[in-house]
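Secondary and tertiary structure notes
So the chains spell out like this:
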Amino acid sequence: MAPTPAAAAAGREPGAALVAAAAEGEAEAAAERVGVLGSGGDGRRSGNGVANGDGAGDGAAAMSLATGGVVASPVVTKGGRPPPPPPPAVGHVPPTSTPIGRPGLSPVSRAPANVFTHDDPGGRCTRAWTNYFELPVEYTVEMYTDLLNPANPTLAHRHRPFGMPARRFLVVDAAVAALYGPRLSAYFEAHAIPTRTLVLPGEEENKTLPAVHALFEALVDFGLHRREPILAIGGGVVLDIAGFAASMYRRGVPYIRVPTTLLALVDASVGVKTGVDWTDPVHGGLKNRMGAFYPPLAAFLDVGFVATQDERNVINGLGEVMKLALVRSSKLFDLLETHGRALIDSRFGGRPLPLAAAPADCHTTAAGTTNGHVTSSPPSLPPPPLASSAVASTGAPTDIAAVATRVVELSVQTMLEELGPNLWETTLERVVDYGHTFSKILEMNHPTGPTALMHGEAVNIDGVLCVVLAARRGWISAASRDRILRVMAELGLPTWHEGAGVDVLWAGLVDAVEHRGGASGCH
């Protein structure tokens, strides 16, 4: 028999009623002002897909669980459905629509596929042109075993520009440099590839414009060429900084991602977003406010890096995996439910590490951990056996390393399936935004200290709010709610935070309305 939400969460954060408190207290107060849509077990929309509308009034905003907390226009019609979107502005054409053959446009002779004159611009405009260019976007996400083995030439030679001297510019997470620095040096020495390395701290509080400026200085000093890729190795913070700098240096240079944390493996390495946070005394902390859509040449993934992460950071990565499981993959959820604890304990099939003395915030720089990586060498121990064996007769993996690989594969492919048709977010209704309505403000309000929240932790708390509110609205069953919360509790994912007051949650919704255009509704 599945435990109640309160029982499932009991003991995770002493002194808090967790999900029960969320359901009966502050989250219910938030529900007074927003309608949350539910999803079925496979993450597809269930029910009628609209806010209830009863007593909503003109100030209500509808938020969809199935579409990642996409906030609608703050106008709800009498029947509960948001009004239809306004017609496009005169002359407006979706950016994906080619001008060829479009009425009122004539191609010019020297560039007939790109430049068009307007036959009748209208108004006071005397002459107008449209310039059209399709920018091809292609990058690969590739999984490897033991990337730092000199027998694997990937890091040394992939995407090196033809006809240029053999060399590499590396941006490396400080935690990764402390743990893997000697192996990195030995790897490139074995391939006779000289390197220049910039080491950057990888915690969220360092994801700022000064870090980008430090990278610019190093790139100028190195003399990076326009076709020469930056090799970024580390967690999501370092990957975001490197990608953002790459988008601006010389108006855009290539870069390659090598994620070393579970969170980066399934999230930051997969899409095309880059950026840094913004903080000032007036506006506070604004996550990813400065950034760009800028795809890498490739992302090279090696699950083996997770072996040197501490437990909290592995669980942090599972926050994003859980998000994908809830909105799109029942198979992924089943794997987390069956093997989640073994994945954590084995560090995704790597060697177990003595982490009992690791501090709560996992940000130490001496012996222990830094940015989620253990800075002492892992002991020579074999991976622990699978806690509960998988059934080979069904084709399921039969050891925990195979389960770990499958979890990452499913996560990456699910994310790519959602991002691929909408890389530049032309469509604002995105299921991968699930967990990213309340989480941004929670994460930015608590960057360090005893109440610090990591990204995946904040995403999961956001998801819990959506799950509880969806159940209270009748869009998912109580049994589904309890099953989700039980698995979250078993994985050690946080389900509440003392900073999640009604005013904070409402501020998150207001920011989401602004960020998502204020017009992407639930249909």
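Residues numbered from 1 in each chain as written. Predicted model: local features only at pLDDT ≥ 70, side-chain atom pairs only at ≥ 80, totals over all residues. Heavy atoms only, no water.

1. Examining the overall build of the protein chain
In terms of regular secondary structure, the protein chain is built from 15 helices and 16 strands. Taken over 523 residues, the protein chain has a buried fraction of 50%. Of the contacts made within the protein chain by residues no fewer than 6 positions apart, 76% connect residues no fewer than 24 positions apart. Of the roughly 23,300 Å² of accessible surface on the protein chain, 56% is carried by carbon and sulfur atoms. (Helix = DSSP H or I, 4+ residues; strand = E, 2+ residues; numbered from the N terminus. Buried < 20%, exposed > 50% of the residue type's maximum accessible area, 1.4 Å probe, protein only. Contact = heavy atoms within 4.5 Å. Areas by Shrake-Rupley, 256 points an atom, 1.4 Å probe, with all protein chains shown as cover.)

2. A word on unusual backbone geometry
Even without being a glycine, Phe348 presents a positive backbone phi close to 60°. By the element assignment, Phe348 lies in the loop between helix H10 (330–345) and strand S15 (369–370). Phi is positive for Glu425, which is not a glycine, with a value near 55°. Position of Glu425 relative to the elements: it lies in the loop between helix H11 (400–419) and helix H12 (439–445).

3. A short note on the packing of aromatic side chains
The tally for this structure, following the rule as stated, stands at six aromatic pairs. With centroids separated by 5.8 Å and ring planes inclined at 90°, the aromatic side chains of Tyr144 and Phe300 adopt a geometry described as edge-to-face. Here Tyr144, found in strand S7 (residues 140–144), pairs with Phe300, found in strand S14 (residues 298–302); they are 156 residues apart in sequence, far enough to count as distant. For Phe300, a relative accessible area of 0% translates into the label buried. Ring plane angle 55° and centroid distance 5.3 Å describe the contact between Phe169 and Phe222, whose orientation is recorded as tilted. Here the residue Phe169 occupies a position in strand S8 (residues 168–173), and Phe222 occupies one in helix H6 (residues 209–222), the gap between them amounting to 53 residues. Using a relative accessible area of 11% as the deciding quantity, one classes Phe222 as buried. The ring of Phe222 carries the charged tip of Arg167 above its face, separated from the ring centre by 3.9 Å. (Phe/Tyr/Trp six-rings, centres within 6.5 Å; stacked < 30°, edge-to-face > 60°. Lys NZ or Arg CZ within 6 Å of the ring centre and 35° of its normal.)

4. Digging into the sheet that holds strand S4 (residues 105–107)
Pairing is antiparallel across the open sheet formed by three strands, whose spatial order is S4-S5-S6. Edge positions in the open sheet fall to S4 and strand S6 (129–131), since each of these has one partner strand only. The mean inter-strand angle of the sheet, taken between neighbouring strand axes irrespective of direction, is 30°. Here S4 runs beside strand S5 (residues 115–118); their pairing, made up of three bridges, is antiparallel. Along S5, the bridge assignment pairs Ser106 with Thr117. (Pairing = 2+ DSSP bridges. Axes fitted to C-alpha atoms, helices over the stretch in contact; angles between N-to-C directions.)

5. Description of the pattern of salt bridges
Under the criterion given, the structure shown has 19 salt bridges. Across the pair Asp334 and Arg483 runs a salt bridge, and its minimum N-O distance is 3.0 Å. On the criterion of sequence distance, the pair formed by Asp334 in helix H10 and Arg483 in helix H14 (residues 478–491) is long-range, its members being 149 residues apart. Accessibility expressed as a relative area gives 36% for Asp334, which makes it partly exposed. Two residues, Glu490 and Arg486, come together in a salt bridge whose shortest N-O distance is 3.4 Å. Here Glu490 pairs with Arg486, and both are found in helix H14, just four residues apart, close to one helical turn. Look at Glu490 and you get partly exposed, because its relative accessible area is 41%. Overlapping salt bridges, with partners in common, bring together Asp334, Glu337, Arg483, Arg486 and Glu490 in one network. (Salt bridge = Lys/Arg side-chain N within 4 Å of Asp/Glu carboxyl O.)

6. Re the environment of Ala177
Residue position: Ala177 is located in helix H5 (residues 174–190). For the pair Ala177 and Ile233, spaced 56 residues apart in sequence, the C-alpha separation works out to 9.1 Å. With near-sequence residues (within four places) excluded, Ala177 lies in contact with Val172, Pro182 and Val199.

7. Digging into the packing of helix H13 (residues 455–473) against H14
Put simply, H13 and H14 touch, their axes get as near as 10 Å, and they point 160° apart. One way to sum up the angle between H13 and H14 is to call them roughly antiparallel. Relative to H14, H13 is oriented so that their crossing is left-handed. Facing H13, whose interface residues are Asn460, Val464, Val467 and Ala471, H14 presents Arg481, Ile484, Leu485 and Met488. Residue classes in the contact of H13 with H14 are distributed as six nonpolar, one polar and one charged. (Parallel < 35°, antiparallel > 145°, perpendicular 65-115°, else oblique. Left-handed = near helix turned anticlockwise from the far one by under 90°. Nonpolar A, V, L, I, M, F, W, Y, C, P; charged D, E, K, R; others polar.)

8. Regarding the environment of Glu490
Sequence spacing of Glu490 and Gly340 is 150 residues, and the spatial spacing of their C-alpha atoms is 7.9 Å. The residues touching Glu490, leaving out its near neighbours within four places in the chain, are Glu337 and Arg341.

9. A short note on a nonpolar patch on the surface
Taken together, Phe133, Leu135, Val137, Phe293 and Trp424 make up a surface patch of nonpolar side chains, about 510 Å² in accessible area. Of note, Leu135 is situated in the loop between S6 and S7. (Patch = residues over 30% accessible without salt bridge, like charges linked within 9 Å, V, L, I, M, F, W, Y side chains within 5 Å.)

10. Observations concerning the nonpolar core
One recurring pattern in soluble globular proteins is that nonpolar side chains are buried together. Ranked by internal contacts, the top residues of the largest apolar core, which has 54 residues, are Leu262, Leu318, Met322, Phe348, Val407, Met488 and Leu491. Elements with a minimum of two residues in this core: helix H8 (262–268), S14, helix H9 (311–328), H10, H11, H13 and H14. Within the second largest apolar cluster, 28 residues are counted, among which are Val171, Leu198, Ile230 and Ala246. (Core = buried A, V, L, I, M, F, W, Y, C linked by side-chain atoms within 4.5 Å.)

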